[in-house]
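Here's the letter readout for the chains.
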Amino acid sequence: MSSGGGQQSQALTKPTFSEVQASALVESVFGLKVCKIQPLPSYDDQNFHVCILRTKDTTDGPNEYVLKISNSESSKTPDLIEVQSHIIIFLRAAGFPTASMCRTKGDNLTSLISVDSGSEIKSYLVRLLTYLPGRPIAEIPISPQLLYEIGRVAAKLDKTLEKFHHPKLSSLHRENFIWNLKNVPLLEKYLYALGQNRNREIVEQVVQLFKDEVMTKLSHFRECINHGDLNDHNILIESSKSAFGDAVYQVSGILDFDDMSYGYYVFEVAITIMYMMIESKTPIQVGGHVLAGFESVVPLTPVERGALFLLVCSRFCQSLVLAAYSCQLYPENKEYLMITAKTGWKHLQQMFDMGQKAVEEIWFEIAKSYESGISM
């Protein structure tokens, strides 16, 4: 859920292609004939679910795709999008349930499309990925088993990317990227979108605590490449029956690599915990199960564990502040933008009211129970 550099002039860059125009793009750029197309929800890019018509040349390939049209600001960083695309391919080869990339007629992963809007010419990077099966986690009740699995997948993903190499990898050092957790202090210039209320007071306190207690410890965190947006709409799951006849869920798809950047292992687990709390009926407990899964692959150091509470609070603040800001820019997309806000403010206030020590006690006790084989 990125929002580019976050400046108002930059944020008004979301593509507005019609279904007819998007269908024409699929045909002209990728050489595939569309039989059905429908828009998918998105933050500041434009996505379409595309079904293609079978021809004698396409009898073997998939017939469902996602057309991704990057916003005009992101489209100015083709190196970054190229690296993200190669990471998707790399992870799929390593056994992760990521999409396959469809090549253009010119045998490229992306194509830059220029559109004359009357007042100016805007350019958009276009990609086509295979459509992944499964349901978003947001649509099902999340069990401790599934939370553990999601934590494990998040850690495995970051760990696997230690082996990823690309000549343009440095493009993932996104210094002022508003969604990178280390840039929480940048939220201060968007606080006006909240008005004056308790929510704003909590955010101001979290930002100050972040400056005092996290910024000073960054050099002690272990660096890695973060997916950065493992939310409940970017993880797909499928169910199978266990030997006892009950449903067991597996991760069947990982979506949306647009927020990838260099960060730290502890950032990934904090971001994942925060998003898994959104739909949960027992949000505080969520962190323990996700943490246990994550630490089964990458155990956190004491310094990283000590920062986890504040990092989860900080991610709530990022999501809630930037959603309020984006709603002012895109009121027509309010329903999608405010998904986190429905329960997010309540969860953040609850964490803040309970305090770090009490929340950590619950998280670490649950995580410890997995070591003895008695998950809570």
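Keep in mind the model is a prediction, meaning the values are calculated, not measured.

About the thresholds
- Residues numbered from 1 in each chain as written.
- Predicted model: local features only at pLDDT ≥ 70, side-chain atom pairs only at ≥ 80, totals over all residues.
- Heavy atoms only, no water.
- Helix = DSSP H or I, 4+ residues; strand = E, 2+ residues; numbered from the N terminus.
- Rg over C-alpha atoms; globule rule 2.2 N^0.38 Å.
- Buried < 20%, exposed > 50% of the residue type's maximum accessible area, 1.4 Å probe, protein only.
- Areas by Shrake-Rupley, 256 points an atom, 1.4 Å probe, with all protein chains shown as cover.
- Contact = heavy atoms within 4.5 Å.
- Domains from an automatic or database assignment.
- Buried area = accessible area lost by both parts, 1.4 Å probe.
- Salt bridge = Lys/Arg side-chain N within 4 Å of Asp/Glu carboxyl O.
- Polar contact = N/O pair within 3.5 Å; in protein donor to acceptor, adjacent residues only side chain to side chain.
- Pairing = 2+ DSSP bridges.
- Expected span 1.5 Å × (residues − 1).
- Arc of directions from axis to C-beta.
- Phe/Tyr/Trp six-rings, centres within 6.5 Å; stacked < 30°, edge-to-face > 60°.

Visitor: Teacher, can you tell me more about the overall build of the protein chain here?
Guide: Within the protein chain one finds 11 helices and 11 strands. Against the compact-globule benchmark of 21 Å for 376 residues, the protein chain has a radius of gyration of 21 Å, which places it among compact chains. Taken over the C-alpha atoms alone, the protein chain extends approximately 60 × 55 × 40 Å along its principal axes. By residue count, 55% of the 376 residues in the protein chain fall in the buried class. Of the accessible surface of the protein chain, which amounts to about 16500 Å², a share of 52% is contributed by carbon and sulfur atoms.

Visitor: I would appreciate a short explanation of the environment of Pro97 in the present structure.
Guide: Along the chain, Pro97 falls in the loop between α3 (78-93) and β4 (101-102). Taking the C-alpha atoms as reference, Pro97 lies 37 Å from Lys357; in sequence the two are 260 residues apart. With residues up to four places along the chain from it excluded, the contact list for Pro97 reads Leu132, Val251, Ser252, Gly253 and Ile254.

Visitor: Explain the domain arrangement of the protein chain here, please?
Guide: It is common to give the size of an interface as the accessible area that goes away when the parts come together. According to the domain assignment, the protein chain contains domain 1 (19-130) and domain 2 (135-372). Placing a centre on the C-alpha atoms of domain 1 and another on those of domain 2 gives a separation of 27 Å. Here domain 1 and domain 2 share an interface that buries about 2100 Å² over both sides, 70% of which is from carbon and sulfur atoms. Among the residues domain 1 hides against domain 2, the three largest losses belong to Tyr43, Phe96 and Pro97. Together they make up 30% of the total. One can count four salt bridges joining domain 1 with domain 2. The partner of Glu82 in a salt bridge is Lys168, and the shortest N-O contact between them spans 2.9 Å. Broken down by element, the side of domain 1 that touches domain 2 gets its largest block of residues, 10 residues, from α3.

Visitor: When you look at the pattern of salt bridges in this model, what are you seeing that I'm missing?
Guide: Side-chain pairs of opposite charge can arise whenever the charged atoms involved come near each other. One pass over the structure, following the stated rule, counts 16 salt bridges. When the shortest N-O distance is used, the salt bridge between Glu73 and Lys76 registers 3.4 Å. A salt bridge links Arg152 to Glu149; the shortest N-O distance between them is 3.1 Å. With Arg152 and Glu149 both in helix α4 (residues 144-160), this residue pair falls three residues apart, about one helical turn. Arg152 gets classed as partly exposed once you look at its relative accessible area, which sits at 25%. Shared partners join several salt bridges into a network, and the residues in it are Lys68, Arg127 and Asp258.

Visitor: Whenever I open this one, the side chain of His227 confuses me. Can you help?
Guide: Counting through the fold element by element, His227 comes out in the loop between β8 (223-226) and β9 (235-241). Overall, the relative accessible area of 0% leaves His227 in the buried class. At 3.0 Å, the side chain of His227 forms a polar contact with the backbone nitrogen of Asp229. Beyond its immediate stretch of four places on either side in the chain, His227 contacts Leu157, Asp158, Ile254, Leu255, Asp256, Phe257, Asp259, Met260 and Glu268.

Visitor: So what exactly am I meant to see when it comes to the sheet that holds strand β7 (residues 135-136) here?
Guide: Whether parallel or antiparallel, the strands of a sheet pair through hydrogen bonds between backbone atoms. With antiparallel pairing, the three strands of this open sheet are ordered in space as β7-β9-β10. Edge strands, defined here as strands with exactly one partner in the open sheet, are β7 and β10 (247-254). Pairing analysis gives two bridges linking β7 to β9, with the strands arranged antiparallel. The residue bridging Arg135 from the neighbouring strand is Ile237, located in β9.

Visitor: Please clarify how helix α10 (residues 341-354) should be interpreted in this entry.
Guide: Note: α-helices contain 3.6 residues per turn, so residues at a spacing of three or four share the same orientation. Along its 14 residues, α10 runs 20 Å from first to last C-alpha, staying within 8% of the 20 Å computed at 1.5 Å per residue. All of the buried residues along α10 are Ala341, Gly344, Trp345, His347, Leu348, Met351 and Phe352. Mapping the buried residues of α10 onto a view down its axis gives an arc of 165°, with all of them on the same face. Seen from the open side of α10, the exposed residues pointing more than 90 degrees away from its buried face are Lys342, Lys346 and Asp353. If you follow the buried residues of α10, they end up packed against α5 (198-214), α6 (265-277), α7 (283-295), α8 (302-329) and α11 (356-371).

Visitor: Help me understand unusual backbone geometry in this model?
Guide: When glycine is set aside, most residues are seen to have a negative phi, and most peptide bonds are trans. Positive phi outside glycine occurs at Asp107, with the angle close to 65°. Take Asp107: it is sitting in the loop between β4 and β5 (111-116). Phi is positive for Asp256, which is not a glycine, with a value near 55°. Relative to the helices and strands, Asp256 resides in the loop between β10 and β11 (261-264).

Visitor: Help me out: how do you make sense of the packing of aromatic side chains in this one?
Guide: Using the criterion set out here, one finds six aromatic pairs in the structure. Between Phe90 and Phe164 the ring centres are 5.3 Å apart and the planes differ by 70°, which places this aromatic pair in the edge-to-face class. Separated by 74 residues along the polypeptide, Phe90 in helix α3 and Phe164 in the loop between α4 and α5 bring together distant segments of the chain. Phe90 sits in the partly exposed class, given a relative accessible area of 25%. Its relative accessible area of 4% is what places Phe164 among the buried residues.

Visitor: What's the story with the pairing of β9 in this structure? I'm lost.
Guide: Put simply, side chains in a regular strand alternate between the two faces of the sheet. Strand direction decides the pairing type here: β9 and β10, joined by seven bridges, are antiparallel. Counted as the bridge partner of Glu238 is Gln250 from β10.

Visitor: Would you mind going over the pairing of strand β3 (residues 64-69) with me for this structure?
Guide: The buried fraction of β3 is high, at five of six residues. In the sheet, strand β2 (residues 46-52) pairs with β3 via six bridges, with the strands oriented antiparallel. Bridge pairing in β3 links Gln46 to Ile69.

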